[in-house]
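Summary of structural features
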Amino acid sequence: MTETPEAKEQSASLERTVARSREIDAELARNPSAFRMLTGDRPTGDLHIGHFFGSLLNRVRLQDLGVQTVIVIADYQVITDRDGVGPIKDRVYSLVADYLAAGIDPAKTVIFTHSAVPALNQLMLPFLSVVTDAELRRNPTVKAELEATDGRPMSGLLLTYPVHQAADILFCKANLVPVGKDQVPHIEMCRVIARRFDERYGRADSAQPVFPAADALLSEAQMILGTDGTKMSKTKGNVIELKMTADETAKVLKKAVTDSDRHITFDPVNRPEVSNLLTIAGLCLDRQPAEIAAEIGDQGAGALKKIVTEALNDRLSTHRERRAGFVEDPGYLQTVLADGNARANQIADQTLEEVRAAMRMAY
């Protein structure tokens, strides 16, 4: 099958991103303070073990390494593909509790919500002026969401979702964004917007561009599936949330899907459900999943689930204890978020001033 020009460009872009991501890994060890990282989550539900192993631990690692860290709780983006926000306040504070329990330090890291930073969202207007409708519709995330709507009209917010993500990154002039390979097109769109803004407006008093070119830092984390072997999703009921107790975790894992073969092997292609449980155990025990499988051998799925349950509960025990302490002190969570919002507003206001000056709109 002949590869389309669009597909070829996406493949080439991914190759460039992989190469650059490796360079960044080396640079981080030498000079972490040269980077400002933007990352975040949509408060559509409570965080689960996929978030813990896939992003939270890496955020803490980069923060502690000395990378300037900004975390957005993207509350406005909840309504890109939903009719309402649900119990969003509880979810926002749940995220903050998990961040702190994982080791995010609010003295080092800015934690803020979209809706509390007007200047960030105001950047959407000039940014939308430098992209086309066709470019937005070609974005893989927008295309996937459009295909999944089953004929439902796409909202303007969903269509402009890539531009909102660019505003998240550029408002704080982040030059590093940890993402999976599926998110690379969003970083490319962000770079396009930054470049076009400079080409169209530039700076009246400086040769320096207003915005840096952000780079993607590709995640090396192993994909953790839900307990049914498919992508983790709260709507599917296949997640293990970080706020669950040890007993609740055990009950969920007891119902986890496996297969009829009693001999346990690590084979992600042919035995995704069993291999996923082995992956979780490996992450918790810092061991190779195949080694764990070899030890279990013919003891079957019951022995596998017992090992996974004990390993996961042991790995999360400190996180859960810390999380419970933060949840019991809602005033502190509110203070952390209020301080983060204030710091984010200072950053965003300064950036918007520079944008208005570049556009000759500082009256």
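Residues numbered from 1 in each chain as written. Predicted model: local features only at pLDDT ≥ 70, side-chain atom pairs only at ≥ 80, totals over all residues. Heavy atoms only, no water.

1. Let's talk about the overall build of the chain
Put simply, the rule reads: For the purposes of this entry, the term helix denotes a DSSP run of H or I that reaches at least four residues, the term strand denotes a run of E that reaches at least two, and both are numbered from the N terminus. Only C-alpha atoms enter the radius of gyration; for comparison, a globular chain is expected to reach 2.2 Å times N to the power 0.38, where N is the number of residues. To sort residues, take the accessible area from a 1.4 Å probe on protein chains only and compare it with the maximum for the residue type: under 20% means buried, over 50% means exposed, and anything in between is partly exposed. Only heavy atoms matter for contacts: two residues are in contact if any of them lie within 4.5 Å across the pair. Within this scheme the basic residues Lys and Arg register as positive and the acidic residues Asp and Glu register as negative, but His and the chain ends are omitted. Here the site of a charge means atom NZ of a Lys, CZ of an Arg, CG of an Asp or CD of a Glu.
Helix and strand content of the chain: 15 helices and five strands. Against the 2.2 N^0.38 benchmark of 21 Å for 363 residues, the chain shows a C-alpha radius of gyration of 22 Å, consistent with a compact globule. Here the C-alpha coordinates of the chain stretch approximately 75 × 60 × 50 Å along the principal axes. Counting over 363 residues, the chain shows a buried share of 47%. If you take every contact in the chain between residues at least 6 apart in sequence, the share linking residues at least 24 apart comes to 76%. The chain carries 43 positive and 50 negative side-chain charges, and their two centres are separated by 1 Å.

2. Digging into helix 7 (residues 140-148)
Which entries qualify depends on this criterion: The definition of a polar contact used here is a pair of N or O atoms within 3.5 Å, where within protein one atom must be able to donate a hydrogen and the other to accept one, and adjacent residues in sequence count solely through side-chain atom pairs.
N-cap assignment for helix 7: the residue whose side-chain oxygen lies 3.0 Å from the backbone N of threonine 141 is asparagine 139. Two residues or fewer after helix 7 comes aspartate 150, characterised by a positive phi angle close to 55°.

3. Focus on the side chain of asparagine 345
Topologically, asparagine 345 is positioned in helix 15 (residues 330-358). Of the residues examined, asparagine 345 reaches a relative accessible area of 18% and is grouped as buried. At 2.8 Å, the side chain of asparagine 345 forms a polar contact with the backbone oxygen of alanine 116. If sequence neighbours within four positions are ignored, asparagine 345 has contacts with Ala116, Val117 and Pro118.

4. Overview of the pairing of strand 5 (residues 215-218)
Keep this limit in mind: If DSSP finds at least two bridges between two strands, the strands pair.
On strand 5, burial covers both faces: Asp215 and Leu217 on one face and Ala216 and Leu218 on the other are all buried. Relative to strand 5, strand 4 (residues 176-179) runs parallel, the two being bridged by four bridges. Bridging across to strand 5, valine 179 finds its partner in leucine 218.

5. Looking at the nonpolar core
Convention followed: Within this scheme, the nonpolar core is defined by two criteria: the residues are buried Ala, Val, Leu, Ile, Met, Phe, Trp, Tyr or Cys, and they are joined through side-chain atoms within 4.5 Å.
Within the largest apolar cluster, 49 residues are counted, with the highest numbers of intra-cluster contacts made by Ile49, Tyr99, Ile111 and Leu312. For this core, the secondary-structure elements that each account for two or more residues are helix 2 (49-65), strand 2 (68-73), helix 3 (88-102), helix 11 (246-254), helix 12 (272-285), helix 13 (289-296), helix 14 (300-327) and helix 15. No other element matches the nine residues that helix 3 contributes to this core. Look past the residues within four positions of leucine 312 in its chain and what remains in contact with it is Ile49, Phe53, Ile240, Thr249, Leu253, Ile280 and Cys284. Residues Val131, Leu159, Leu170 and Ala348 belong to the second largest nonpolar core, which totals 47 residues.

6. Things to note about helix 11
Here is the rule we go by: Directions from the helix axis toward the C-beta atoms define the arc.
Residues Thr249, Val252 and Leu253 constitute the buried set of helix 11. In a view along the axis of helix 11, the buried residues occupy a sector of 95°, so they form one face of it. Residues of helix 11 that are exposed and angled more than 90 degrees away from the buried face: Asp247, Lys251 and Lys254. Those residues of helix 11 that are buried are in contact with helix 12 and helix 14.

7. A look at the environment of valine 85
Among the structural elements, valine 85 can be located in the loop between strand 2 and helix 3. Spatially, the C-alpha atom of valine 85 lies 8.2 Å from that of aspartate 75, the residues being 10 residues apart in sequence. With residues up to four places along the chain from it excluded, the contact list for valine 85 reads Val78, Ile79 and Arg91.

8. Let's talk about the packing of aromatic side chains
Let me state the cut-off plainly: What counts as a ring pair is set by centres within 6.5 Å for rings of Phe, Tyr and Trp (its six-membered ring), and what kind of pair is set by the plane angle: stacked under 30 degrees, edge-to-face over 60, tilted for all other angles.
Inspection of every chain in the model, using the stated rule, returns seven aromatic pairs. Relative to phenylalanine 53, the ring of phenylalanine 52 lies with its centre 5.1 Å away and its plane at 85°, an arrangement referred to as edge-to-face. Of the two residues examined, phenylalanine 52 and phenylalanine 53, each falls in the buried class. Each member of the aromatic cluster is reached from another via a ring pair, and the members are Phe127, Phe197, Tyr201 and Phe211.

9. Some thoughts on the pairing of strand 2
With five of six residues buried, strand 2 lies mostly within the body of the structure. Relative to strand 2, strand 1 (residues 36-41) runs parallel, the two being bridged by six bridges. Bridge pairing in strand 2 places arginine 36 opposite glutamine 68. Where strand 2 meets strand 3 (residues 109-113), five bridges bridge the pair, whose relative direction is parallel.

10. Observations concerning the side chain of threonine 351
Relative to the helices and strands, threonine 351 is located in helix 15. A polar side-chain atom of threonine 351 sits 2.6 Å from the main-chain carbonyl oxygen of phenylalanine 171.

11. Observations regarding unusual backbone geometry
Located in the positive-phi region is lysine 173, a residue other than glycine, with phi close to 55°. Residue position: lysine 173 is located in the loop between helix 9 (161-171) and strand 4. In the Ramachandran plot, arginine 360 falls in the positive-phi region, its phi being about 60° despite a non-glycine side chain. By the element assignment, arginine 360 lies in the segment after helix 15.

12. Some details on the pattern of salt bridges
Defined as follows: Any Lys or Arg side-chain nitrogen found within 4 Å of a carboxyl oxygen on Asp or Glu counts as a salt bridge.
Evaluated as defined, the whole model comprises 18 salt bridges. With its nearest N and O atoms 2.7 Å apart, the salt bridge here joins arginine 287 to glutamate 295. A relative accessible area of 29% places arginine 287 in the partly exposed class. Taken together, the salt bridges that share partners define one network made up of Arg20, Glu23, Glu27, Arg191 and Asp215.

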